[in-house]
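Architecture and fold: a report
So the chains spell out like this:
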Amino acid sequence: MPERSVLFETQRDRGADFVEFRGREVPNRFTSLEEEYSALGHEAGLLDLSVQGVVELRGRDRSRFLHGMVTNDIRNLSPGQGCYALMLTPQGRILTDMRVLCLEEALMLVVDADLVEKDMALLRRYIIADQVEVIDRSSDLAILSLQGPKAAEAIARLCAGTSLPEVPFEHLPIQVGSLTTRCARVRRTAPGGYDLVVPESQSVDLWKLLLQEGKPAGLRPVGLEAWNVRRLEAGIPWYGVDMDEARIPLETGLEEAISYSKGCYIGQEVVARATFRGHVNRKLMGLVLSSGEPARGGDKIFRNGQEVGWVTDSAYSPGLGRAIALAYIRKEAWDPGTSVGVDSAAGRTDAEVTQYPFD
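Presented here is an overview of the structure given in this document. On a predicted model such as this, the values are computed, not experimentally measured, just so you know.

Glancing now at the sheet that holds strand 17 (residues 306–317). Read once around its circumference, the closed barrel built from six strands follows the order 15-18-17-16-19-20, with strand pairing classed as antiparallel. Between one strand axis and the next, the sheet turns through 40° on average, direction left out of account. For strand 19 (residues 339–344) and strand 20 (residues 347–354), the ladder comprises six bridges, and the chain directions are antiparallel. Bridge pairing in strand 20 places Ser344 opposite Gly347. Where helix 7 (residues 224–234) meets the sheet, its contacts fall on strand 17 and strand 18 (322–330), and the angle it forms with strand 17 comes to roughly 135°.

All told, the structure shown has 23 salt bridges when counted by the stated rule. Among the salt bridges present, the one from Asp61 reaches Arg64, with a minimum N-O distance of 3.7 Å. Looking at Asp61, the relative accessible area reads 14%, which means it is buried. Its relative accessible area of 46% is what places Arg64 among the partly exposed residues. With a shortest N-O distance of 3.3 Å, Arg282 and Glu251 are connected by a salt bridge. Of this pair, Arg282 sits in strand 15 (residues 282–289) while Glu251 is found in helix 8 (residues 249–252), placing the two residues 31 residues apart along the sequence. Salt bridges sharing common partners tie together Glu56, Arg58, Glu105, Arg137 and Asp140.

What follows concerns helix 7. The element helix 7 is extensively covered by neighbouring structure, given that ten of its eleven residues are classed as buried. Inspection of helix 7 places Leu224, Ala226, Trp227, Asn228, Val229, Arg230, Arg231, Leu232, Glu233 and Ala234 among the buried residues, and these make up the whole buried set. In this fold, the buried residues of helix 7 make contact with strand 2 (17–21), strand 3 (24–29), helix 2 (33–42), strand 4 (44–48), strand 17 and strand 18. Residue Gly235 follows helix 7 closely and has a positive phi angle near 70°.

Analysis parameters
Residues numbered from 1 in each chain as written. Predicted model: local features only at pLDDT ≥ 70, side-chain atom pairs only at ≥ 80, totals over all residues. Heavy atoms only, no water. Pairing = 2+ DSSP bridges. Helix = DSSP H or I, 4+ residues; strand = E, 2+ residues; numbered from the N terminus. Axes fitted to C-alpha atoms, helices over the stretch in contact; angles between N-to-C directions. Contact = heavy atoms within 4.5 Å. Salt bridge = Lys/Arg side-chain N within 4 Å of Asp/Glu carboxyl O. Buried < 20%, exposed > 50% of the residue type's maximum accessible area, 1.4 Å probe, protein only.

So, in structure tokens, the structure goes:
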């Protein structure tokens, strides 16, 4: 039985239909795909991020310890700053991704809910003499996200005169009505927006308050389906869907997660070697299909009779009027504009390789 967030009843009353994702029962749609897709692209959409968990690192050695565990620079983060990072195997394969927020007294790691136990076990395995405590905060903290070009306007209606974070992963406490939340600048769609971290006991009140006061800015609740389309268009990979323990970072295009000047970390030699070589054999690219029918994850991609890749995820894009996909493509076929064929149970569909974000 999938878990439900405390927002379930409120969302059901709003007309949501639900789907299971990452072990959680989450809203798939509140209205139509087209309306929610438009909100994320032109106004603002409110996402329930109960599919994300929170792990905190405490103790005086927390920054030095995590710095040696992940791909990005943690040691030089100041309170109010953050970054995106990956944890790798010694062979350079991706074990997990995380958004790291540096607080005065802790490091807050925002990770996929179904990876919390795995991530905590990985971290604890490497604690030897370090003074570090790993704490699961997933049951007492909730995350709501406002995404879209009018996300700042929607929040500002509740906290006029408050400066919002501007650079990626910058964060600060803000007062939203009578509720104190931590607001972080996080890009989960092409326009980006803000994650709001709040005690779970206050998440229903925050959800209702945001939708009530943000309505003049076009804010509406958005489900997983429209969010997935918008993140595919932006080329934002999800762990367990577009990347896993079989992939190395340079194949995914996640350059923002890698510091090339920080020194040693687990898997660093593999990343350095691939960087020095100047290329990888395959990388994550976009596909625009010739029809409106999405491909399936795992569908094979062919060019001139040769298999050159596979689809990771696909969806119909209302904006493009066609189906799009993310896919791993071999170097002989990854140039934008290359024509390929996608094989599925229904037959072969023509497609074109493209860069993302999709136009």
